Amino acid sequence: MADAAEIQGPSASPARRRLRRAGALLAGAPLLAGLLQLTAAEPAQAAPADSVSVALDSLTPSAPTEDDTLTVSGTVINNGRQSVTGAHVGLRVGPLLNTRSAIDGIAQHPDDLRAGTGDEVGGKYTEKFSKLVPGVAEHFSISVPVDELDLGKDGVYSFGVSVSGKTSARPWDQMLGIERTFLPWQSSEADTKSRTTIMWPLISSVHMTARTGAGERQTPVFQDDELAKEIAPGGRLAQMMDLGRDLDVTWVIDPDLLAAVDAMANGYRVQQPDGTSKAGSRENQDVAKQWLAGLQKAVTGKEVVALPFADPDLASLAHTGTSVTGSLSHLKDATDVAALTVKTVLHVTPTTDFAWPVEGAVDPSIIKVATSAGADRVIASSDSLRESAGLSYTPSAARPIGGGTTAVVADARMSTAFEGDLTKADTSTLAVQQFLAQSLEANVQKDEQRSFVVAPQRTPTASQAQAMATAVKALQDGNWSQPDTLTGAANAKPDPDATTRIPSTSAYPSSLRKRELPRSAFEQIADTQDKLDNFQVILTDQSRVVTPFGRAINRGMSTSWRGQAAKADGFRADVLSYLDNLGGQVKLIDKSETKLSGRSATIPVTVQNNLVQPVGHLYLRLSSTQPTRLKIGGKAYDEQPVEVSGGHSQSVKFTTSANANGRATVLAQLYTEDGQEYGDPVSFDVKVTEVTPTVMLVIGGGVLLLVLAGFRMYTQRKRAAARQAGQEGPDEAEADSGNPDDAGDRLPEESGSPAGAAGPDQPGDPAPDTAPESADPSGTGERVDR
């Protein structure tokens, strides 16, 4: 009408029209505010401030059948400021849930009063409270025959426990709180049962270092004593072993865990903050023996899958490690040693052809790395291989992805059901019911048998393990599933409509990529391997070093380091530092300046071996930096093989010759048989002093004195001969004087020529000041330990 009046009257200016519209808005503002207040009040009525929380601590049996009695227990707490009167706790059966997504929705908001709650069973199947005092927890327990629940066809039902009552502000009966969960209902044996594989992981963090004792047993050194707590009665791994023993599961084991517990059982040491180590307790050794004995029984007759040693981080290796030369070889080593370790410790032959990337997230590079060491089956998550064909059901786990490789796709919903804090009975119960609901809903989706795999978190807590065991036992006792092995799931007939497309590398979750090992980690590992290769060449018993360091290298790329970058870097640095320390036990002893007073001499160089085993396959090279002045063995350098017993030193002697006076620098360096430098070189100066003119003058004077003495003796002999001739007669004298040289042949032996004492050497050749094979103690600056 306003618009009609406006048309019939005089035409209003644009300014007047804008003014009228503003007035209309102001006039309607109070009405709009009132409507908003009413709208806001509705949720307040559905979720009053004086609500009561409900905790469902127990629901047994988890998957009831027709003749069962369902018992529900828990606690209620009044969170409001006013007491609740006339309160009662009742059970509510909601509608049948037809999709797995519907289960997800209820699990995300189990206490939402606005959602469908179903009808209360009522009657005598309630528990009443005259008053609920604020902040005071009240316990309840209700038992009801299953046939009183009026359940219809088989499937998953929404199930709730609610509390109702009155307050002074709201003096009428109303629902004040609810806890919703699920009731799996399979009244009898299902016509088609799914096959479900439960992976039961026995994996821990890194505990052993590369350090070992020097004795024959090589007592291992642990980083700490945390492993003893895990395997002690009540500990996480102790419970995993005890719980898994009674379940039909596939054991997925990190061989490093077995190696560590076995080492502990046979005596170990624990590293201390000051760098020393102390002996592990006898009590912990006994605990380790008991845990291993229990595990050997638990795995008997079960499938055992061995991961590569120390559970290497396949994704980190694929994304950053492959760019570092030699990284993939460590994965191969870890795979090769896995089977031997499990067989030695547990006396069973494991399966080693499965790879398990972190959280089952895969991309083409991860698949390539995972299969490079021989595994042809990769455990992936359904969150990674998402269905793109719009299937209305969950397909089987096995997916051929090409190249003879099978992706074994674990169901993400069931696999993640036991994550988070499950220390409270309430959260644990909800996790169990959610797991069973997802399993049953997946089974009823299709009449054909399918295989499902459950791959939980790698290191479940004790409470998570307990919830898992409860759920698995209920599943295996239920009517819709039967146990299977991981190998069975991988060999099952694949669904032709299931996706086999591996997501691209760019689709890999950024949250997981941020926690990967950096490239520097693999560079550090490569450096360690290079030094290990150089060191082991000289050893007579390589296993004493290769085995502990090889396993330490595997531990340096373990999945357990995710989120612990500083600790991981510290571990790898300690391995490298310890290897450097061991390699430095074989070294050259420093020498001070050596003086040569003649043209030739021998120079000793000492090699020290502080290892407990002999070393060999070494060459010591002595080089002259000024070969025109000083030669080694007649050339610029000479080298000799070196073998030194454990805990000893050996002096190696080189023949030298000097051509001129002055100082020459000599360099000593150890080399391995393959020509690689070993250790640090040692350099020292050799001061050469040739024979001087003064010395020659002295020698000449001595020779002249000898000649004069000989001439005098000759003269005396001639005079004596002349006197004798005068006495004997002229004829005899002439005969004797005819051959004066013969007189010398008849001289007494003690008056022989001094030249004869010099031997065959020329008078001007000085004797060397150091014998070629001198065993005298080394000179100043040389230390020889015996």
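Residues numbered from 1 in each chain as written. Predicted model: local features only at pLDDT ≥ 70, side-chain atom pairs only at ≥ 80, totals over all residues. Heavy atoms only, no water.

### Some remarks on the overall build of the chain
Where we set the bar: Think of it this way: any DSSP run of H or I at least four residues long counts as a helix, any run of E at least two long counts as a strand, and we number them from the N terminus. Here the term buried applies to any residue with accessible area under 20% of the maximum for its type, exposed to any over 50%, and partly exposed to those in between, with areas from a 1.4 Å probe on protein chains only. Any two residues whose heavy atoms approach within 4.5 Å at even a single point are treated as in contact. For the area figures, the Shrake-Rupley method with a 1.4 Å probe applies, and any residue is considered shielded solely by the protein chains shown.
Assigned secondary structure in the chain consists of 21 helices and 30 strands. Expressed as a percentage of the 786 residues in the chain, the buried residues total 45%. When contacts within the chain are restricted to residue pairs at least 6 apart in sequence, long-range pairs at least 24 apart make up 78% of them. Of the roughly 38,400 Å² of accessible surface on the chain, a fraction of 51% belongs to carbon and sulfur atoms.

### A look at the pairing of strand β9 (residues 194-202)
Basically, it comes down to this: Any two strands are treated as partners once DSSP identifies two or more bridges connecting them.
Burial runs high along β9: eight of the nine residues are buried. Strand direction decides the pairing type here: β9 and strand β21 (residues 481-484), joined by four bridges, are parallel. Residue pairing in the sheet places Thr197 in a bridge with Asp484 of β21. By the bridge criterion, four bridges tie β9 to strand β20 (residues 451-454) in an arrangement that is parallel. The residue of β20 that forms the bridge with Arg195 is Ser451.

### Observations regarding the sheet that holds strand β25 (residues 615-624)
Hydrogen bonds between backbone groups are what pair the strands of a sheet, and the pairing can be parallel or antiparallel. Here is the rule we go by: Axes here mean lines fitted to C-alpha atoms, for a helix over just the part in contact, with angles spanning 0 to 180 degrees between N-to-C directions.
Reading across from one edge, β23-β30-β29-β25-β27 is the order of the five strands in this open sheet, with mixed pairing throughout. The open sheet terminates on both sides in strands that have one partner only, identified here as β23 (594-596) and β27 (637-644). Taking each pair of neighbouring strands and ignoring which way they run, the sheet shows an average axis angle of 30°. The pairing of β25 with β27 spans seven bridges and is antiparallel. Opposite Leu622, over in β27, you have Asp638 as the bridge partner.

### Some words on the sheet that holds strand β18 (residues 398-402)
Pairing is mixed in the open sheet, where four strands are placed in the order β16-β17-β19-β18. On the outer flanks of this sheet lie β16 (354-355) and β18, each paired with one strand and no other. Pairing of β18 with strand β19 (residues 405-410) involves four bridges; the strand directions are antiparallel. Looking at β19, one finds that Pro400 is bridged to Thr406. Strands in contact with helix α10 (residues 364-372) are β16, β17 (377-381), β18 and β19; relative to β17, the strand with the most contacts, it is inclined by about 145°.

### Here's the deal with a negative patch on the surface
The cut-off we apply is this: Patches in this entry comprise residues that are over 30% relatively accessible and not in a salt bridge; like charges within 9 Å are linked, as are nonpolar side chains (Val, Leu, Ile, Met, Phe, Trp, Tyr) within 5 Å. Any carboxyl oxygen of Asp or Glu within 4 Å of a side-chain nitrogen of Lys or Arg constitutes a salt bridge here. His is not counted, nor are the chain ends, whereas Lys and Arg count as positive and Asp and Glu as negative. The location of each charge is read from NZ of Lys, CZ of Arg, CG of Asp or CD of Glu.
Judged by side-chain charge, Glu66, Asp67, Asp147, Glu148 and Asp150 come together as a negatively charged surface patch. Tracing the backbone shows Glu66 in the loop between β1 (52-60) and β2 (69-78).

### Examining α10
Here is the rule we go by: The directions considered for the arc run from the helix axis to the C-beta atoms.
Those residues of α10 not exposed but buried are Ile366, Ile367, Val369 and Ala370. An end-on view of α10 places all buried positions within 165° of arc, on one side of the element. The inward-facing, buried residues of α10 contact α8 (314-321), α9 (327-346), β16, β17 and β18. Gly374 lies just past α10 and shows a positive phi near 115°.

### Comments concerning the pattern of salt bridges
Tallied over the entire structure, the rule returns 26 salt bridges. One salt bridge connects Asp484 with Arg195, and the closest N-O pair in it is separated by 3.3 Å. Taken together, the positions of Asp484 in strand β21 and Arg195 in strand β9 put the pair 289 residues apart, joining distant regions of the chain. Relative accessible area serves as the criterion here: at 9%, Asp484 is assigned to the buried category. For Arg195, a relative accessible area of 26% puts it in the partly exposed group. With a closest N to O distance of 2.8 Å, Arg663 and Glu593 form a salt bridge. Here Glu593 lies in the loop between β22 (586-588) and β23 and Arg663 lies in strand β29 (residues 662-672), a separation of 70 residues in the sequence. Given the relative accessible area of 39%, Arg663 is considered partly exposed. Residue Glu593 is classed as partly exposed on the basis of its relative accessible area of 35%. One network of salt bridges, in which partners are shared, links Asp313, Glu516 and Arg562.

### Re the environment of Leu611
Within the fold, Leu611 resides in the loop between β24 (600-609) and β25. Distance in space between the C-alpha atoms of Leu611 and Val586 is 7.2 Å, their sequence separation being 25 residues.

### With respect to empty space enclosed by the protein
Note the threshold: A cavity here means a set of points on a 1 Å grid, drawn over the protein atoms and nothing else, where a 1.4 Å probe fits but cannot get out; a pocket is an open set with protein on both sides within 12 Å along at least five of seven lines, and a residue lines either one if it has an atom within 4 Å of a point. Grid points are joined across faces, edges and corners, and a volume is the space filled by probe spheres set on the points. Note that Gly is not counted as nonpolar here; it falls among the polar residues with everything else outside the nonpolar set of Ala, Val, Leu, Ile, Met, Phe, Trp, Tyr, Cys and Pro and the charged set of Asp, Glu, Lys and Arg.
Inspection of the entire model under this criterion finds five cavities of 30 Å³ or more. By volume, the largest cavity amounts to about 110 Å³. Counting only elements with at least two residues in the lining of the largest cavity, the list comes to α9 and β16. By residue class, the composition of the lining of the largest cavity is 12 nonpolar, three polar and two charged.

### Some points on the side chain of Thr406
Mapped onto the fold, Thr406 is located in strand β19. The exposure class of Thr406 is buried, given its relative accessible area of 17%. Residue contacts for Thr406: discarding those within four places in its chain leaves Asp376, Arg377, Val378, Ala398, Arg399, Pro400 and Ala490.

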